[in-house]
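Chain and residue survey
As a plain string of letters, each chain reads:
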Amino acid sequence: MAYRNTVEFEVTGDYALFSDPVLRVGGEKCSMQVPTYEALKGILSSVYWKPTIIWIIDAVRVMNPIQTEVKGVRPIHYGDKGNDLSYYTYLKDCRYQVRAHFEWNENRPELAGDRNENKHHNIAKRMIERGGRRDVFLGVRECQGYVSPCAFGEGESFYDGTPELAFGLTYHGVTYADEAYSPETAGKMTVRFWYPVMRRGVIEFARPEDCPVARPVREMACKSFGEAFGNFSGANEKEAE
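For clarity, every value in this text was computed on a predicted model and none was experimentally measured.

**Details of empty space enclosed by the protein**
Evaluation of the coordinates by the stated rule reveals three cavities of 30 Å³ or more. Approximately 70 Å³ is the volume found for the largest cavity. Lining the largest cavity are Q33, V62, N64, P65, I66, Q67, L91, K92, D93, C94, R95 and Y96. Tallying contributions element by element places strand β4 (residues 86-104) first for the lining of the largest cavity, with six residues. Considering only residue class, the lining of the largest cavity consists of six nonpolar, three polar and three charged. For the second largest cavity, the calculated volume is near 50 Å³. Split by residue class, the lining of the second largest cavity holds eight nonpolar, two polar and no charged.

This is the structure we're talking about:
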């Protein structure tokens with residue numbers, strides 16, 4: 001489904017590491033086979049983000065075959081300056097098409113004056129054309145990514161001939177307090193899981209509130225934005241910029 005404020009882009013990179021958050025604290029990391037909702041949302045937030053909006057990832061299309069490569073790395077210990085040899089399993093030769101749209105963040109009524117759909121949509125499209133406002137990473141800092149405009153569905157995917165491929169219970173993303181969508185997620189950090197299925201190369205993402213498994217992690221306060229707090233001037237940003 002295409003929304004009025006839909007954006008479509010392609011992201012590429014030599015390597016990617018979309019790891020489960022449980023594995024990020026240390027040890028030997030292994031990438032999931034496909035990018036997570038949260039990773040793609042982070043990529044789009046690097047391209048263009050404002051606290052007024054929430055990016056919703058609608059679908060991803062896997063263009064290249066899923067391949068992995070193991071590398072030996074020496075991550076620094078969290079508690080001291082030492083390090084151990086670890087083996088990280090990366091995805092290689094990554095290329096994905098992404099379709100997404102944005103919605104207003106109803107948790108931020110103080111930014112209601114910045115809810116100009118045309119402004120945010122046009123700026124987002126221009127930022128995609130320019131490769132983003134900030135550096136793009138595919139899961140982790142060492143995996144540089146590159147963004148460019150595309151028409152979702154154009155070109156040939158390696159999985160066009162694969163009717164269906166299921167990945168089991170998989171990490172979907174994190175709901176922070178400032179993007180809470182229900183009384184259960186208000187004032188908390190909540191981790192979501194779901195069951196992705198790729199059909200002919202395309203994964204249609206469940207919305208955060210539709211994920212079958214959600215677990216609160218800890219209490220979290222919602223940060224306030226606005227000119228009164230000295231941390232937001234976006235309401236004065238012109239559409240033409």
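**Some words on the sheet that holds strand β8 (residues 170-175)**
Whether parallel or antiparallel, the strands of a sheet pair through hydrogen bonds between backbone atoms. Judged by pairing direction, the sheet is antiparallel, and its three strands sit side by side in the order β8-β9-β12 without closing on themselves. The open sheet terminates on both sides in strands that have one partner only, identified here as β8 and β12 (213-219). For this sheet, the mean inter-axis angle between neighbouring strands, taken without regard to orientation, is 25 degrees. Here β8 runs beside strand β9 (residues 188-194); their pairing, made up of five bridges, is antiparallel. The residue of β9 that forms the bridge with Y171 is F193. Sitting on the sheet, helix α1 (residues 37-47) is in contact with β8 and β9, with an inclination near 50 degrees to β8.

**Details of the pattern of salt bridges**
In total, this model carries 14 salt bridges according to the counting rule given. Notably, a salt bridge pairs R207 with E103, separated by 2.8 Å at the nearest N-O pair. Of this pair, R207 sits in the loop between β11 (202-204) and β12 while E103 sits in strand β4, and the two are 104 residues apart along the sequence. Residue classification places R207 among the partly exposed positions, given a relative accessible area of 25%. Exposure remark for E103: the relative accessible area of 29% places this residue in the partly exposed category. Of the charged contacts, one joins R108 and E110 as a salt bridge, the two residues approaching to 3.8 Å between their closest N and O atoms. Its relative accessible area of 1% is what places R108 among the buried residues. For E110, a relative accessible area of 40% corresponds to the partly exposed category.

**Quick look at the packing of aromatic side chains**
For any pair of aromatic rings, the description consists of the separation of the ring centres together with the inter-plane angle of the planes. Under the counting rule described, the total for this entry stands at nine aromatic pairs. With 5.7 Å between their ring centres and 55 degrees between their planes, F102 and W104 make a pair best called tilted. Taking the relative accessible area as the measure of exposure, F102 reaches 3% and is therefore buried. Using a relative accessible area of 25% as the deciding quantity, one classes W104 as partly exposed. When the centroid spacing of 5.4 Å and the interplanar angle of 35 degrees are considered together, the rings of W194 and F205 count as tilted. Of the two residues, W194 is situated in strand β9 and F205 in the loop between β11 and β12; the sequence distance between them amounts to 11 residues.

Rules and cut-offs
- Each chain has its residues counted from 1, following the order in which its sequence is written.
- Given that the model is predicted, a residue must reach a pLDDT of at least 70 before its local features are reported, and side-chain atom pairs must reach 80 or more before they are shown or counted; all residues, however, enter totals for whole chains, interfaces and linings.
- The basis for the side-chain values is all heavy atoms of the structure; hydrogens and waters are excluded.
- Every definition here rests on a 1 Å grid over the protein atoms only: cavities are sets of points where a 1.4 Å probe fits but cannot get out, pockets are open sets enclosed by protein on both sides within 12 Å along at least five of seven lines, and lining residues have some atom within 4 Å of a point.
- Grid points are joined across faces, edges and corners, and a volume is the space filled by probe spheres set on the points.
- Helix numbering and strand numbering both begin at the N terminus, where a helix is a DSSP run of H or I of at least 4 residues and a strand a DSSP run of E of at least 2.
- Classification convention: Asp, Glu, Lys, Arg as charged; Ala, Val, Leu, Ile, Met, Phe, Trp, Tyr, Cys, Pro as nonpolar; all other residues, Gly among them, as polar.
- Strand pairing requires that DSSP identify at least two bridges connecting the strands.
- Axis geometry follows a simple rule: fit a line to the C-alpha atoms, using only the stretch in contact for helices, then measure angles between N-to-C directions, giving values from 0 to 180 degrees.
- In this description, contact between two residues means that some pair of their heavy atoms is separated by no more than 4.5 Å.
- A pair is scored as a salt bridge if a Lys or Arg side-chain nitrogen falls within 4 Å of a carboxyl oxygen belonging to Asp or Glu.
- Three labels apply to residues, based on accessible area from a 1.4 Å probe with only protein chains included: buried if under 20% of the type maximum, exposed if over 50%, partly exposed otherwise in between.
- The criterion for an aromatic pair is that two Phe, Tyr or Trp rings (for Trp, the six-membered ring) have centres within 6.5 Å, with stacked assigned to planes under 30 degrees apart, edge-to-face to planes over 60 apart and tilted to the rest.

From the geometry alone we can't say anything about function, so treat these as descriptive.
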